[in-house]
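Fold and contact review
Residue strings, one per chain:
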There are 2 protein chains.
Amino acid sequence: MNLRFRIEARDPAGPARAGLLATAHGEIPTPTFMPVGTRGTVKAVAPDDLRTVGARMVLANTFHLMLRPGEDLVARLGGLHRFMGWDGPILTDSGGFQVFSLASLRRLTEEGVDFRSPYDGARAFLSPERAVEVQTALGVDVMMCLDECTGYPATRAEAEKSLGLTLRWAKRCRAAWLSKATGQALFGIVQGGFYPDLRKLSARETAALDLPGQAVGGLALGEPPAERWAALEAAREDLDENKPLYLMGVGAPADIIEGLRRGADLFDCVLPTRNARNGQLFTRLGRLAIRNARHRQDERPVDEACSCPTCRSFSRAYLRHLFQTGEPLAMRLASVHNLKYYLDLTAGAREALLKGTFSEYYRNFHEGLEQGRAEGYS
Amino acid sequence: MNLRFRIEARDPAGPARAGLLATAHGEIPTPTFMPVGTRGTVKAVAPDDLRTVGARMVLANTFHLMLRPGEDLVARLGGLHRFMGWDGPILTDSGGFQVFSLASLRRLTEEGVDFRSPYDGARAFLSPERAVEVQTALGVDVMMCLDECTGYPATRAEAEKSLGLTLRWAKRCRAAWLSKATGQALFGIVQGGFYPDLRKLSARETAALDLPGQAVGGLALGEPPAERWAALEAAREDLDENKPLYLMGVGAPADIIEGLRRGADLFDCVLPTRNARNGQLFTRLGRLAIRNARHRQDERPVDEACSCPTCRSFSRAYLRHLFQTGEPLAMRLASVHNLKYYLDLTAGAREALLKGTFSEYYRNFHEGLEQGRAEGYS
C-alpha cells in the first residue's frame with residue numbers, strides 16, 4: 001500500500017496535529033487544503049498555477065469523470081495524473097454526494113444507485129464495487145468509499161439508515177479494493193447526521209474496517225456550527241488517531257481552522273474557486289467583493305500580505321476592471337489568489353503546530369477577521 | 001522620439017524584410033504578430049503566458065479603454081503597462097474602427113465623431129485630438145492616428161471621401177502629437193478602399209507627414225484576396241520603405257504570410273484568440289476543430305511540432321474534454337497554443353529572411369497546409 005502517514009507534531013492544547021502523508025506521487029505535509037478539480041481540472045487554473053500556490057494534492061470526482069469523459073478513456077490515456085497534467089497526489093470523491101445532489105430519477109437500493117446522467121440523461125449505475133472500479137481505473141492515490149449522505153435536518157431514523165447503508169457499502173468497497181491490490185489507498189467515511197452517538201457508532205465501525213485513512217462526511221450542509229463541531233468531535237474520538245483524517249467539503253476559512261483544531265488533516269471545498277469566479281476574494285482581513293465601486297482606483301493588491309502571482313502583479317483596480325468587463329483572465333487571477341489564501345492558511349497552521357504556537361496562530365486568525373470587519377471587509 | 005527602426009535583411013525576391021524596432025519598453029524583432037488585448041488584457045491569457053509564447057508587443061484599444069475603465073484612471077495608476085502588468089511595448093489602435101463598427105447613434109462631422117458607449121449608452125466623443133490625448137494618457141509606445149474606414153464594397157466616391165477625412169485627421173493628430181512631445185510614436189494610416197490609385201494617393205500623403213511609422217488599414221473586410229493584395233502593394237510602393245509598416249487587422253495565417261511577403265512588419269488579428277475560445281486550433285497542417293469526436297481518444301498534442309505549454313503537457317483528448325464540459329481552462333490552453341502558432345509563424349519568417357531562405361519558408365508553409373488538407377484539417 002503506497003500510503004504512509006506520520007504525525008510530526010501535536011498541539012498541546014487539543015487534537016490538532018501536523019503530519020506527513022506519503023503517496024506514490026509525492027509527500028503531502030498536513031494539514032493541507034486540496035483544490036477541487038471535479039472534472040479533472042481545477043476550474044480556471046492550470047497545473048502550473050496549482051504548484052505555484054503550493055497545492056500538494058488535488059481532488060477530482062468519480063461521478064463526473066465516469067460520465068465525462070469516462071474512466072475507460074482516462075485509463076487508456078495513462079490515468080488521471082497524465083490526463084490532467086498533474087503529477088502530484090490525487091484523491092477522488094466517490095461520487096455519492098453528487099449522485100444524491102445532481103442526478104435525476106435516481107433509484108436507491110441496497111445494491112447501489114441507478115440514475116440518469118445530468119450531462120445527457122443516459123442511464124448509469126453506481127455501486128460500491130463500481131465506485132472502486134472507476135477510481136482504480138482513474139489511477140488515483142486515494143479513493144473514497146461510496147457513501148450515502150443525509151441532508152440537514154434529518155431525522156434520527158434517516159441518519160441511522162444512511163449510516164447503516166454507508167457501512168455495508170464500505171465493507172463491499174473494502175472487499176473490492178482488497179481484491180485489486182493496486183497500491184492505491186481507500187478511505188472510509190463516517191456518517192450519522194447530527195446525532196453524536198450515531199457519529200460515534202459510525203466512527204467505531206469505520207475504524208474497525210482498518211482502512212488506510214478515514215473521513216468525516218455529511219457536514220457543512222447548512223447546520224449550526226455547534227452541531228457541526230459536535231458531530232466531528234464525536235466521530236474523531238472513536239476513529240484511529242494514527243490515520244489521516246479528511247474532513248469532507250468543509251469549508252469557509254474559519255471552518256477549516258475549526259476543523260484542523262479538532263484534528264482533521266485534509267480539507268477540500270469549492271469556495272475558494274467558486275467565490276473567485278464570482279469576484280469574492282479571501283484575505284486575512286476577510287472577504288472582499290472586488291466588483292465594488294470602492295476598488296475602482298485602488299492600486300493596492302487584493303492582500304498586501306499575499307505573495308501570490310495575482311497580488312504580486314495586479315492592482316484591485318485592474319482586477320475590478322477585468323470583472324466589470326467580463327474578461328476571462330479575471331477568473332484565473334482571482335482563483336489563483338483564493339487558492340493561495342487557502343493553502344497559506346493550512347500551511348500557516350502546520351508551521352504553528354510544528355513550532356508549538358498554534359493557539360497564537362488561531363488567535364491571530366480571528367484578530368485579522370475582527371480588524372477586517374472594522375475596515376469594511378465581510 | 002523613443003522609436004527606431006532598422007532593416008536587418010531583405011528578401012532578394014521581393015519587399016519582405018526582417019527588422020528591429022526599438023521602443024522605450026524593449027526591442028521588437030520584425031516581422032511579428034501582436035496579440036490583441038482590446039481591454040487591457042489579451043483574452044484568457046496572462047502577461048506571463050504572452051512572454052512564454054514569444055510575444056514582444058501587444059495591441060490595446062483606445063475606444064474600449066477610454067470608456068472602461070477610462071484613460072484618466074489608467075494614467076493615475078501609472079499607465080497601461082503597469083495597469084495590465086505588461087512591461088513590453090504596447091501599440092494602441094486609435095478607436096476609429098470600433099466607433100464605426102460598435103458604437104450606436106454615431107454622428108460623424110469634420111470635427112470628430114459623437115457616439116453612445118456600447119457599455120452604458122453614455123455620450124462620448126472622439127476626435128483626432130482626443131484620440132491622441134487618450135493614447136498619450138495611456139502611455140503606450142505606439143499610438144495610431146484616428147482614421148475613418150470604408151467597408152467592402154465601397155464606391156470610389158466613398159473611398160475618396162474617407163481617405164480625405166483620414167488625411168485631414170492625420171494632420172490634426174500629428175499636430176496634437178507634436179505639441180505633446182512625450183517620446184511616444186505616432187503612426188499614420190493609409191486608407192482608400194480597394195482602388196489602387198486612391199491607395200497610392202493616400203500613401204503618398206501619409207508618407208509626406210513623416211510620422212515614425214505607417215499602417216495600412218481597411219483591409220480584410222471580406223474582399224477577394226486579389227483586391228486586398230493589390231491595395232497593399234499599391235500603398236507600399238508609395239510609403240517610406242525605411243519606416244515600419246503595420247498591416248492592420250490581417251488576418252488568417254496565410255494572410256500574414258502574404259502580408260509580410262509584401263513588406264509588412266507588424267500584424268494583429270483577433271483570430272488566434274477568438275478561434276481558440278471556439279475550439280478552433282491552428283497548426284502547420286491547418287485548422288483543427290478540437291470538439292470533433294475524432295479527437296476523443298487522441299493522446300497526441302494539438303501539434304507535434306509545437307513547443308507551447310499546451311502541446312507540451314496536454315493531449316487532444318484532454319483539450320476536447322475541457323471544451324465539451326465547458327471548463328474555463330480550455331480557453332487559456334487553446335489561446336496559448338494559437339498565439340504560439342502565430343508568433344512562431346512570424347518568427348519563422350524572420351529567421352528565413354535573415355538566412356535568405358524566405359522563398360523556401362513560403363513554400364514549406366503552403367506544403368504544410370496542403371498535406372493537412374489531405375489529412376482532414378481545414
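You'll find the structure just up there.
The text that follows walks through the structure, step by step, so that each part is easy to find.

Conventions used here
Residues numbered from 1 in each chain as written. Chains lettered and ligands numbered in written order. Predicted model: local features only at pLDDT ≥ 70, side-chain atom pairs only at ≥ 80, totals over all residues. Pairing = 2+ DSSP bridges. Helix = DSSP H or I, 4+ residues; strand = E, 2+ residues; numbered from the N terminus. Axes fitted to C-alpha atoms, helices over the stretch in contact; angles between N-to-C directions. Least-squares fit on C-alpha atoms with pLDDT ≥ 70 in both. Buried ≥ 20, exposed ≤ 12 C-beta atoms within 10 Å, placed from the backbone. Contact = placed C-beta atoms within 7 Å. Nonpolar A, V, L, I, M, F, W, Y, C, P; charged D, E, K, R; others polar.

For the rest of this paragraph, the subject is the sheet that holds strand β7 (residues 104-108) of chain A. Residue and element names in this part refer to chain A. With antiparallel pairing, three strands are arranged side by side in an open sheet as β7-β8-β9. Unpaired on one side and paired on the other, β7 and β9 (123-126) mark the two borders of the sheet. Pairwise comparison of adjacent strand axes, ignoring direction, gives a mean angle of 20 degrees for this sheet. Inspection of the sheet shows strand β8 (residues 113-116) paired to β9 by four bridges, in the antiparallel sense. Paired with Val113 across the two strands is Leu126, which belongs to β9.

Our focus in this paragraph is the relation of the copies chain A and chain B. For the pair of chain copies, the relating operation is a rotation around an axis with a shift along it. Laying chain A over chain B is done by rotating through 180 degrees and shifting 0.0 Å along the axis; what remains is an RMSD of 0.0 Å. The superposition operator between the copies reduces to a two-fold rotation axis. When C-alpha distances to the rotation axis are compared across chain A, the minimum falls at Pro328(A), with a value of 3.9 Å.

Now for unusual backbone geometry. Residue Pro31(A) follows Thr30(A) across a cis peptide bond; omega there is 0 degrees. Between Tyr152(A) and the following residue, Pro153(A), the backbone shows a cis peptide bond with an omega angle of -5 degrees. If you check the backbone angles, Ala44(B) has positive phi at about 75 degrees while not being a glycine. Within the secondary structure, Ala44(B) sits in the loop between β4 (32-34) and α1 (47-52). Assessed through the 24 C-beta atoms surrounding it within 10 Å, Ala44(B) is described here as buried. Phi at Ala220(B) is positive, roughly 60 degrees, even though this residue is not glycine. With respect to the helices and strands, Ala220(B) occurs in the loop between β12 (213-216) and α9 (225-237). Among the residues examined, Ala220(B) registers 19 C-beta atoms within 10 Å and is labelled partly exposed.

All names here are of chain A. Counting through the fold element by element, Ala349 comes out in helix α14 (residues 329-355). Residue class for Ala349 comes out buried when judged on the 24 C-beta atoms lying within 10 Å of it. When the C-alpha positions of Ala349 and Leu167 are compared, they lie 32 Å apart, and in sequence the two are 182 residues distant. Sequence-distant contacts of Ala349, defined by excluding residues within four places in its chain, comprise Pro31, Ile257, Leu260, Phe358 and Tyr361.

What follows deals with the interface of chain A and chain B. Across the boundary between the two partners, chain A contributes 30 residues, which contact 30 residues of chain B. Secondary structure elements with two or more residues in the side of chain A that touches chain B: α3 (71-76), α4 (80-84), α13 (316-324) and α14 of chain A. Element by element, the count of residues in the side of chain A that touches chain B is highest for α13(A), at five residues. The residue inventory of the side of chain A that touches chain B, partitioned by class, reads 14 nonpolar, nine polar and seven charged.

Our focus in this paragraph is the sheet that holds strand β14 (residues 266-268) of chain A. Residue and element names in this part refer to chain A. Here eight strands make up an open sheet; going across it, the order is β4-β14-β13-β12-β11-β10-β6-β5 and the pairing parallel. What marks the edges here is a single partner per strand, and that holds for β4 (32-34) and β5 (58-61). Strand after strand, the sheet turns through a mean of 30 degrees between neighbouring axes, direction not considered. Inspection of the sheet shows strand β10 (residues 142-144) paired to strand β11 (residues 185-190) by three bridges, in the parallel sense. The residue bridging Met144 from the neighbouring strand is Phe187, located in β11.

Remember that the coordinates give geometry; whether it matters functionally is a separate question.
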